[in-house]
Every structure is written in C-alpha cells, then in structure tokens.
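# Observations on the model geometry
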Amino acid sequence: MVTPDAKRDAVAHVCEEHGVSQRRACEVLQFDRSSIRYKSTRDDDTSVREAMKQVAVNRRRFGYRRIHVMLQRQGIHINHKKLLRLYREEKLQVRKRGGRKRALGTRRPMLLPSRINERWSLDFVNDAFTDGRRFRVLAVIDDYSRECLTLVADTSLSGMRVTRELDELIAKRGKPRTIVSDNGTELTSMAVLKWCQETGIEWHYIAPGKPMQNGFVESFNGSFRDECLNETLFSTLAEARADITAWKEDYNTQRPHSSLGNMTPSEYTMKMILEKQAA
C-alpha cells in the first residue's frame, strides 16, 4: 500500500471489520492520520476523463500527447502534466505490440485422416552441395496414402514460394481439408496467413518442440535423408533437383511401404479409388 487512496481504503476496512477507531487503525497500520483525513480540493475532472477515454476508444494507438492535441481541438485545454497523470490513472497506456502478425492456424487436436486429400503435411529438409553451400527441400506428403506430392529444392524457400507450390498441387489434385506443419518462420508468414484466408484451408501448427505431432512427414524425412540425401553428392542445384525428382518417383511407384501392407503409395491410392467406385 503506497498511494494515499490505498491507505485510506485499508484504514476504512480495518475500522469496519474490527470496529476500532480511525486513530487505532492508523496506529496499527503505521499511517499518518493527516494523510488519511485529508480532503482533496482539486476540481472535478470527470468531464476531462470522459473526453480523454472517448478519444482513446476511437484512437486505440494514440498516446497521451496525441490525445492532448485531440482534446485541444475539442476546446478542452489542460496542462500536459495533469493530462499524463489522468491518463495513467485511467490506465490508458498503449501496449507495445508483441511482434509481427503471424498465421495462427487451428490448434484443436488432429484426427487420423480417413481419405485421400483430407490432410497434407509439409516440412523443410536441409542439405549442402559439395562446395559447402546450403540448400533446402520442401516436402509435402498426403498423410493417408503416404504419397510424396512434391519435393521442391532451392537455395531459398519463402512463405510466398510455399503458397505458389501449394497452388500448383491444388490445381492438379484438388484442395486438402487441412495442412499440418511446424512453426517455422516461412510457414507463419503473412503470405501463408493471406493464402489460408483466400483458400479456406485449415492450417494446423504443431506445438513448438513437438515434431512427433507431425509424425507422417517426419518419418518421410528420415527415409528421404537416409535413402537419397545421404547417399548422393550434389554439385549444383540442377543436379540436386534431377536426382531428388527421380527418387520421389521411385518412392511413389516402386518402393514398398510397410504401413501400407508393402504396397507403394501409388498402388494404395489406386486401390482406394477403385474401392470407392465399387461402393
């Protein structure tokens, strides 16, 4: 209890709850009676406070200096120091923004996909050329069929580039219901936020530091690195793209997948399509 108002409230509470005099309450709380009994002679600032709060409501990012100017335009002239005191008492301070606006996505628990194109997962895989330069690969898979939809290799992959690649996939395969990813900078960018709003596709972000929540693409990344990246030396980006594309085709059409009963993703996809048509 530091402010005079807080001290007065404390003394009044002690007097009411314990039935003691104001003198006794001040002795116990070690407050000066003169400050407790003091009556303010200040003018009533209610109208100024209301006008100030109204400006703050309409101009949420205005500080006390701009509010001071707006009040002067209304014919309310007040010392800026007094205005600052009232501004703080009304707790109108402008909060600093917590950082740039990011895509938030949906946070509800994920269910296992029950059909093709119900959920896609994507992630980045890093590797290096023989001269030490780094490059990245964007991997997108269908969680139901385990099919690798695309592997995009480049030295830089921005959020806008990610959305362009997704648009190309949607043009070929149709829209997924949900896309799952981690919280990487590219995937929480304004470009992704705008893309989600325009397409109406839900974007689910896994919890930070929990890659197991994106297990389908993490499992794919392990196979991709073990069978392709770690087995091949790339000298140029063109060479990397050619070898990675060839591996993707082999993965989808030739490589047996244990979780699909040792069928390839392409075979499993065709089986599901035929069963749906038969039903």
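Residues numbered from 1 in each chain as written. Predicted model: local features only at pLDDT ≥ 70, side-chain atom pairs only at ≥ 80, totals over all residues. Heavy atoms only, no water.

### Focus: the sheet that holds strand E1 (residues 119-128)
Remark on secondary structure: sheet strands pair via backbone hydrogen bonds, oriented parallel or antiparallel. To keep things clear, this is the line we draw: Should DSSP find at least two bridges between two strands, the strands are taken to pair. Labels follow the DSSP assignment, with helices taken as runs of H or I lasting at least four residues and strands as runs of E lasting at least two, numbered in each case from the N terminus. Note on geometry: axes are C-alpha line fits, over the in-contact stretch for helices, and angles between N-to-C directions span 0 to 180 degrees.
The five strands lie next to each other as E3-E2-E1-E4-E5, forming an open sheet whose pairing is mixed. The open sheet terminates on both sides in strands that have one partner only, identified here as strand E3 (148-154) and strand E5 (202-205). The mean inter-strand angle of the sheet, taken between neighbouring strand axes irrespective of direction, is 20°. Pairing between E1 and strand E4 (residues 178-181): three bridges, direction parallel. The partner of Trp120 across the bridge, within E4, is Ile179.

### Let's talk about the pairing of E1
Going by this rule: When a residue's accessible area, from a 1.4 Å probe over protein chains only, is under 20% of the maximum for its type it is buried; when over 50% it is exposed; and in between it is partly exposed.
Burial of E1 is extensive: eight of the ten residues sit out of reach of the surface. Pairing analysis gives nine bridges linking E1 to strand E2 (residues 134-142), with the strands arranged antiparallel. The residue of E2 that forms the bridge with Ser121 is Ile141. Linkage of E1 to E2, two consecutive antiparallel strands, is achieved through a turn of five residues, within which Gly132 is found at a positive phi near 95°.

### What about the packing of aromatic side chains?
What counts here: Only Phe, Tyr and Trp rings are paired, with Trp represented by its six-membered ring, and only when their centres lie within 6.5 Å; those with planes under 30 degrees apart are stacked, over 60 edge-to-face, the remainder tilted. Here, a charge over a ring is recorded when the distance from Lys NZ or Arg CZ to the ring centre is within 6 Å and its angle to the ring normal is within 35 degrees.
Under the criterion given, the structure shown has eleven aromatic pairs. Relative to Trp203, the ring of Trp195 has its centre 6.1 Å away and its plane inclined at 85°; by these criteria the two rings are edge-to-face. Take Trp195: its relative accessible area is 5%, and that puts it in the buried class. A network of ring pairs unites the aromatic residues Phe220, Phe224, Trp247 and Tyr251 as a single cluster. Over the face of the ring belonging to Phe62 we find Arg66, whose NZ or CZ atom lies 5.5 Å from the ring centre.

### Quick word on the side chain of Asp154
As a reminder of what qualifies: Here a polar contact is taken to be a pair of N or O atoms separated by no more than 3.5 Å, where protein atoms must pair a possible hydrogen donor with a possible acceptor and residues adjacent in sequence count only if both atoms sit in side chains.
Its place among the elements puts Asp154 in strand E3. Among the polar contacts listed, one links the side chain of Asp154 to the side chain of Arg241, at a separation of 3.2 Å.

### Things to note about the environment of Val137
Put simply, the rule reads: In what follows, residue pairs with any heavy atoms lying within 4.5 Å of each other are defined as contacts.
Positionally, Val137 belongs in strand E2. As for Val137 and Ile244, which are separated by 107 residues in sequence, their C-alpha atoms are 9.2 Å apart. Setting aside anything within four residues of it in sequence, one finds Val137 in contact with Asp123, Phe124, Val125, Leu151, Val152, Ala153, Leu157, Phe224 and Ile244.

### Quick word on unusual backbone geometry
Phi at Lys91 is positive, roughly 55°, even though this residue is not glycine. When you line up the elements, Lys91 lands in the loop between helix H6 (80-89) and E1.

### Concerning helix H5 (residues 64-73)
Selection criterion: An arc is given here, and it is the one of the directions from the helix axis to the C-beta atoms.
Within the sequence span of H5, burial applies to Tyr64, Ile67, His68, Met70 and Leu71. When H5 is viewed along its axis, its buried side chains cluster within an angular range of 165° and face the same direction. Exposed and facing more than 90 degrees away from the buried side of H5 are Arg65, Arg66 and Arg73. As for H5, its buried residues are in contact with helix H4 (46-58) and H6.

### Regarding the packing of helix H9 (residues 215-227) against helix H10 (residues 237-253)
Heads up, the rule is: Angle categories: roughly parallel below 35 degrees, roughly antiparallel above 145, roughly perpendicular from 65 to 115, and oblique for all the rest. Left-handed describes a crossing whose near helix is turned anticlockwise from the far helix by less than a right angle; the clockwise case is right-handed. Only Asp, Glu, Lys and Arg are considered charged, only Ala, Val, Leu, Ile, Met, Phe, Trp, Tyr, Cys and Pro nonpolar, and every remaining residue, Gly among them, polar.
Contact geometry of H9 with H10 gives a least axis separation of 11 Å together with a crossing angle of 125°. Taken together, the axes of H9 and H10 are oblique relative to one another. Regarding H9 and H10, the two cross each other, and that crossing is right-handed. Together, Phe220, Ser223, Phe224 and Glu227 of H9 and Ile244, Trp247 and Tyr251 of H10 make up the contact between the two elements. Broken down by class, the residue content of the contact of H9 with H10 amounts to five nonpolar, one polar and one charged.

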